[in-house]
Amino acid sequence: MNLILLGPPGAGKGTQAKKLEEKFGLKQLSTGDMLRAERAAGTDLGKKVQAIMDRGDLVPDQIVIDMIAGRMSQSDCARGVIFDGFPRTVAQAEALDQMLAEKGHKLAAVIELVVDENGLVDRLNKRVAEMKAAGQIPRADDTEETLRNRLAEYRAKTAPIIPYYEKTGLLKKIDGMRAIDVVEKDIAALVAPQESRAAQAK
Ligand code: AMP
């Protein structure tokens, strides 16, 4: 079973993807995490995307498409994938459709976490303050200015994929402003019937 978690930065996609991993044995594929790993390893790709990510801009489509294509064929993705932070443009969504079709796989659902932008800025400021209080260093792109740019990127380039998935009937909207465990229960209620259908089909 393959799912997409959609929503602006800070909507809680990563948190919910981890819960779905545990509950349903799926694999979270976060392009943001993969790009940060490239940076941490000091690869050429990591160096190329560093400034783009720190500004909060999107990296070029082909970079993330190639990363996802390589990762999806690994054995730990066999039970299915939760795409977290991918696709972020219509071109990425089209490439994903093609990749899944080539493997004979389908998307079970696209779950949009619907959130309020001002609420996200408050969440970010709270999280950064908590990290600093705990002696941790926040990410370079965890500033209000960068978040505002990332939200603008989301509105301009990612939000257009919502009608793309609405047309397929796969889009499910979930209010992401509620407590983590409440959102988690709503997502699980959506995913569980799909998962049992997928298991029966095997
Ligand atoms: P994230 O952790 O998903 O918010 O991603 C952090 C940053 O990585 C984003 O602000 C982008 O610069 C870059 N990034 C992650 N995923 C993508 C994607 N699918 N397309 C383009 N850029 C991405």
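What counts and what doesn't
- Residues numbered from 1 in each chain as written.
- Predicted model: local features only at pLDDT ≥ 70, side-chain atom pairs only at ≥ 80, totals over all residues.
- Heavy atoms only, no water.
- Near = heavy atom within 4 Å.
- Polar contact = N/O pair within 3.5 Å; in protein donor to acceptor, adjacent residues only side chain to side chain.
- Helix = DSSP H or I, 4+ residues; strand = E, 2+ residues; numbered from the N terminus.
- Nonpolar A, V, L, I, M, F, W, Y, C, P; charged D, E, K, R; others polar.
- Axes fitted to C-alpha atoms, helices over the stretch in contact; angles between N-to-C directions.
- Left-handed = near helix turned anticlockwise from the far one by under 90°.
- Contact = heavy atoms within 4.5 Å.
- Buried < 20%, exposed > 50% of the residue type's maximum accessible area, 1.4 Å probe, protein only.
- Pairing = 2+ DSSP bridges.

A. Highlighting the site of the ligand. The ligand sits among 15 residues. The nearest are Thr-31, Asp-57, Gly-85, Gln-92 and Arg-150. Arg-150 is positioned such that a nitrogen or oxygen atom in its side chain is 2.5 Å from an oxygen atom of the ligand. Ranked by residues supplied to the shell around the ligand, first place goes to helix α2 (residues 31-40) with four residues. The residue makeup of the shell around the ligand, split by class, is six nonpolar, four polar and five charged.

B. Local environment of the packing of helix α5 (residues 90-102) against helix α8 (residues 161-168). For the pair α5 and α8, interaxial distance at closest approach is 9 Å and the crossing angle is 35 degrees. The handedness of the crossing between α5 and α8 is right-handed. On α8, the residues that touch Val-90, Ala-93, Glu-94, Leu-96 and Asp-97 of α5 are Ile-161, Tyr-164 and Tyr-165. Of the residues contributing to the contact of α5 with α8, the split by class is six nonpolar, no polar and two charged.

C. The pairing of strand β1 (residues 2-6), seen in detail. With five of five residues buried, β1 lies mostly within the body of the structure. On β1, burial covers both faces: Asn-2, Ile-4 and Leu-6 on one face and Leu-3 and Leu-5 on the other are all buried. Bridge count between β1 and strand β4 (residues 107-114): five bridges; the pairing is parallel. Across the sheet, residue Leu-6 finds its bridge partner in β4, namely Glu-112. Both β1 and strand β3 (residues 81-84) contribute to a ladder of three bridges, which runs parallel.

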